[in-house]
Amino acid sequence: MSPPFAPGTPASSVLAPEENEEALALFQELLRFPTISYAGPTNGSYRACCEWLVKTLTDLGLKTQVLEVVPNKPVVVGSWEGSEPALPSVLLNSHYDVVPACLDQWDTEPFTPVRKGGKIYARGTQDMKCVCAQYILAIKRLKKPSIAPAASFQPRRSIHLSFVPDEEIGGEDGMGRFLESDLFRSLHVGLALDEGIASPENSYKFFYSERSPLWIRVRAKGLTGHGSRFIPDTAVEKIMHVANQALAFRASQEKRLGYPRPASNGEGEGDEGKAGGHGGCKHALALKLGDVATLNLTVLKAGVSMDNGQTFAYNVIPHEAEAGFDMRIPPSMPFAEVRALLDAWTDRAGVTWEFAQEGGADPLLTHHATSIDGAQNPWFSVFHDALTSRGVPVIPEVFPAATDARFLRARGISAFGFSPMRETEMLLHEHNEYVSEEVFMEGVEVYVTLVEALSGAPRFEGEGAQG
Ligand SMILES: [Zn+2]
């Protein structure tokens, strides 16, 4: 069998076999907690997982604190004080909740980790208990080095590990509440690391921004009448007009992606001349999902019903119709442009649009990004230099969906989303989620490198210390 990694790149062969096994055992312990976001607060799995985290962090010699603003949704924080604790600290954040698993689609039991062919199968192996465990194992390595450096490491800046619930259902009760707490303020965070995504190529992707989700509700009113006539300006016809324009916009955005269109789309469109073409190194330059807007028509409502939608009158033209769209807006697209589009699509008598998100979408109307210009953001240089030192290409991207990092960036805190998985099939939220043992163990080494560099960073010019 050929090795999964390109020759000459660093691998994880520095550990003794028994240490490898110990690390993989810790990871599997964490995977066994069925911390599905919707069930975790009531079935006791959130609490059991947090008790395990508290014990594990305490055993490592970290100062451990638990914040429980929302009952049964604890946040666990472990802290390692630096030699210059007044300097802004480094936060290693992860979420311990996971998405549900469709049991009939899995070949194994999702919360009973199975090791097979050098891989570990379980829910959360990629999203993101791998990172939870890697943070812990990296700290363990730095605290009790069994390999070089011989002397144990002392961070200059304090290091905090936070484990939050509810990321998979929006994060309001998890990271959202954590950031509002006195505990969070007391941590004086300068830089946060949060989750990223697996890279199928031999590269590390990291994320400095993300697209903003917008849910748009469009309502149309029109003339009604008998289904046997040519009634003009019906509500459904108006909704279809909006939907057609929206879907044309969708197609125009999809065309901007650097990937070849699947040959089976029936439109006879080839991929010649497109950036990226058939992959290779051009991929790094091509537009990714995070760089374009997506739009999906996810709700359609119309019809006259006298029994709450059980049956419909086929011969009556409904005077109301509604469509719902899920849009994801990249930082490169100004919101004024989005509003102008929506206004144009709905520029017709009897048609209106509004944000469907609770409380409107105003808080979403600002893109927050972490600068990847070293001159503006010294954290970027430290992060990027350390990651690049691993000898693997490093690619900055915009995250295609929403993560907890948006809460941090909205507060002006630098945050990079990164999960150290290269040459790994993207399986977050998928059936039979797995990570290879080699990739997992390499990730521990990557965090040792990153944590050493970030927590060791001397005071930056103009950086404030805690008063
Ligand atoms: Zn996640």
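Residues numbered from 1 in each chain as written. Predicted model: local features only at pLDDT ≥ 70, side-chain atom pairs only at ≥ 80, totals over all residues. Heavy atoms only, no water.

(A) Spotlight on the packing of helix α1 (residues 17-31) against helix α11 (residues 437-455). At a closest axis distance of 11 Å, the pairing of α1 and α11 adopts a crossing angle of 95°. When the axis of α1 is compared with that of α11, the two are roughly perpendicular. The residues of α11 that touch α1, namely those facing Asn20, Ala23, Leu24 and Phe27, are Glu437, Phe440 and Met441. Each residue belonging to the contact of α1 with α11 can be placed in one class, and the counts come to 5 nonpolar, 1 polar and 1 charged. (Axes fitted to C-alpha atoms, helices over the stretch in contact; angles between N-to-C directions. Helix = DSSP H or I, 4+ residues; strand = E, 2+ residues; numbered from the N terminus. Parallel < 35°, antiparallel > 145°, perpendicular 65-115°, else oblique. Contact = heavy atoms within 4.5 Å. Nonpolar A, V, L, I, M, F, W, Y, C, P; charged D, E, K, R; others polar.)

(B) Region of the structure containing the sheet that holds strand β4 (residues 114-116). Pairing in this open sheet of 3 strands is antiparallel, and the strands run β4-β5-β17 from one edge to the other. Of all strands in the sheet, those with a lone pairing partner are β4 and β17 (434-436), marking the two edges. Going from strand to strand, the sheet's axes swing by 25° on average, the running direction of each strand aside. The pairing of β4 with strand β5 (residues 119-121) spans 3 bridges and is classified as antiparallel. Looking at the pairing, Val114 lines up with Tyr121 of β5. α1 rests against β4, β5 and β17 of the sheet, and its axis sits at about 15° to β5. Packing of α11 onto the sheet brings it into contact with β4, β5 and β17, and relative to β17 it is tilted by some 70°. (Pairing = 2+ DSSP bridges.)

(C) Up close: the UniProt feature "binding site: Zn(2+) 1" (unreviewed entry) in the protein chain. As annotated by UniProt and renumbered to match this structure, "binding site: Zn(2+) 1" (unreviewed entry) occupies His95, Asp127 and Glu195. Taken along the chain, the residues just named run across 101 residues; in space they keep tight, none of their C-alpha pairs more than 8.6 Å apart. Residue placement: Asp127 occurs in the loop between β5 and α4 (129-143). Setting aside residues no more than four positions away along its own chain, Asp127 makes contact with His95, Asp97, Val98, Glu168, Glu195, Leu428, His429 and Glu433. Of note is the side chain of Asp127, whose polar atom sits 3.1 Å from the side chain of His95. Summarising the element assignment, Glu195 is placed in the loop between β7 (189-194) and β8 (204-210). Relative accessible area serves as the criterion here: at 4%, Glu195 is assigned to the buried category. In this structure the side chain of Glu195 is engaged in a polar contact, spanning 3.3 Å, whose partner is the side chain of His95. (UniProt positions renumbered as here; feature names shortened; annotations may be inferred. Polar contact = N/O pair within 3.5 Å; in protein donor to acceptor, adjacent residues only side chain to side chain. Buried < 20%, exposed > 50% of the residue type's maximum accessible area, 1.4 Å probe, protein only.)

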